[in-house]
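# Fold and geometry: a report
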Amino acid sequence: GEIQHADVAVIGAGPAGAVAAALLARAGRSVLVLERQHFPRFSIGESLLPQSMAYLEEAGMLQAVVEAGFQYKNGASFVNGEKTASFDFRDKHSEGWGTTYQVERAVFDQLLIRRAAEQGAKVRFGHTVRSMQTGDAPVLEVEDEEGRVYRVASRFVLDASGFGRVLPRLLGLERPSRMPARAALFSHVQDSLPAGSIDRDKICVAVHPERRDVWYWMIHLANGRTSVGCVADAEFLDVPEAQREAKLRELMRAEPTIARLIGDAPFLMPVNRIGGYSANVERLHGPGYALLGNAGEFLDPVFSSGVTIALRSAHLATQTLLRQLDGETVDWAADYDVPLRKGIDTFRVFVERWYTGELQDIIFYENQTPKIRRMISSILAGYAWDETNPYVAEPVRRFNALHEICTMTSSA
Ligand code: FAD
């Protein structure tokens, strides 16, 4: 059959694929992006972290993002009944951006891939990757919507297929996630909140009144829309499709802050359920390929780290790949896998302790020193790779010590 050629083939045109494609095209490499769906398409993952701005800038996308009119974001607020805690990301330990956006991903993802195409990447929508031959000269088998099958020969393949997890499935790289099986119910509502009546500029994470391991997100978007969702053990949200809307409505009315602001706001789309999203792989690279973003490891939505990790992975993988394409010998484990997982592991410590409730003790603790608040704020802003932050350098030890202080003094 027909064979096509590119320096690099990218599977998937989400944020990881778009940024990787743009970075390679900017460096003069030929890139072919194969995307199964047609854009714009819905995706979950709407609240960005400031750390991601650096990668959008590097990929020549920042101006387009700034000018698109997305909802501005400068922090995170946490609510548990009467208790509240608010973090402003501009007040943080790490250098770099302190603000970002909350985005409708359909619009955001389309904008990113368009910027990649404008900088030279070739993009094909409605083309599904079916199989891969690994090695020094990898070959993908691709099928278009007319059922035509062709092959793409390249020097390297980047799998940015997100929850599609194309190469982990095809090559048997999947490993069980260390996270318990959780799920989310979510939708968008028309919020009708008068301008200035609330702080739209922060993601709101609310704890369920009776269960510390169940939480909600409220993410304000532009144009009077708000994204709302609830995350819990998979079985807690295991309702027949016809009852999803009633279930989410009941949950929204059970939490006072969510209830007051959007408890009765009309849903703008059918209530969706996604479960079993946590995933892991044996390694993030192999002969002729690397895994980016969600196609690699995905932990949990609680700190909105998904897109940031996806962009960080695109940045690290393309730096390594460009050196390899220039004839240098690279070590994918040392140059890509280990450094990427360093930040994922920082988030893991925070995610695990969110669900045990220990991180909640720290977040809602009233006498936190400003210095420690700035270190926590940095992680919440996505700076999970900044080793000057003690909570990055030694997350477990630092975390345990801090938790002890917060619980000792608050029970005294
Ligand atoms: P994706 O954006 O999923 O893109 C992958 C693309 O690959 C898709 O367009 C798909 O069509 C394509 N594809 C798949 N298979 C094939 C194939 N065989 N051939 C060709 N193309 C293919 N992250 C945040 O940053 N902030 C949040 O607030 C947030 N909230 C979340 C809430 C929930 C409930 C969940 C589950 C996740 C959340 N995330 C959040 C995570 C976020 O959704 C993902 O991390 C992010 O979308 C990953 O981007 P990506 O580029 O890796 O993959």
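Only a predicted model underlies this, so the values are computations on that prediction, with no experimental measurement involved.

## Here's the deal with the sheet that holds strand S9 (residues 128–133)
Across the sheet, four strands lie side by side as S1-S11-S10-S9; this open sheet has mixed pairing. Looking at the sheet topology across the chains shown, the edges are occupied by strand S1 (3–5) and S9. When strand polarity is set aside, the average angle formed by the axes of neighbouring strands in this sheet is 30°. With three bridges connecting them, S1 and strand S11 (residues 149–153) associate as parallel partners.

## Some points on the sheet that holds strand S3 (residues 31–35)
Ordered in space as S8-S3-S2-S12-S21-S20, the six strands form an open sheet in which the pairing is mixed. The outermost strands of the open sheet, each flanked by one partner alone, are strand S8 (122–125) and strand S20 (285–286). Pairing of S20 with strand S21 (residues 289–291), which is carried by two bridges, proceeds in the antiparallel orientation. Across the sheet, Gly 286 pairs through a bridge with Tyr 289, a residue of S21. Contacts from helix H1 (residues 15–26) reach strand S2 (8–11), S3 and strand S12 (156–159), with the element oriented near 165° to S3.

## Remarks on the domain arrangement of the protein
Examined at the domain level, the protein breaks down into domain 1 (3–72 + 104–176 + 278–343), domain 2 (182–275) and domain 3 (347–411). Domain 2 and domain 3 are separated by 26 Å when their C-alpha centres are compared. Of the residues lining the interface, seven residues belong to domain 2; the matching set on domain 3 comes to seven residues. Interface area for domain 2 against domain 3, summed over the two sides, is near 650 Å², with a carbon-plus-sulfur share of 51%. By the criterion of area lost to domain 3, the three top residues of domain 2 are Arg 182, Val 207 and Arg 212, representing 68% of everything that side buries. Where domain 2 packs against domain 3, one counts one salt bridge. Here Arg 212 ties to Asp 361 by a salt bridge, and the two come within 2.7 Å at their closest N and O atoms.

## Some details on the environment of Ala 22
Structurally, Ala 22 is set in helix H1. For the pair formed by Ala 22 and Leu 325, sequence separation is 303 residues and the distance between their alpha carbons is 16 Å. With near-sequence residues (within four places) excluded, Ala 22 lies in contact with Ala 59, Met 61, Ala 116 and Gln 119.

Rules used in this analysis
Residues numbered from 1 in each chain as written. Predicted model: local features only at pLDDT ≥ 70, side-chain atom pairs only at ≥ 80, totals over all residues. Heavy atoms only, no water. Pairing = 2+ DSSP bridges. Helix = DSSP H or I, 4+ residues; strand = E, 2+ residues; numbered from the N terminus. Axes fitted to C-alpha atoms, helices over the stretch in contact; angles between N-to-C directions. Contact = heavy atoms within 4.5 Å. Domains from an automatic or database assignment. Buried area = accessible area lost by both parts, 1.4 Å probe. Salt bridge = Lys/Arg side-chain N within 4 Å of Asp/Glu carboxyl O.

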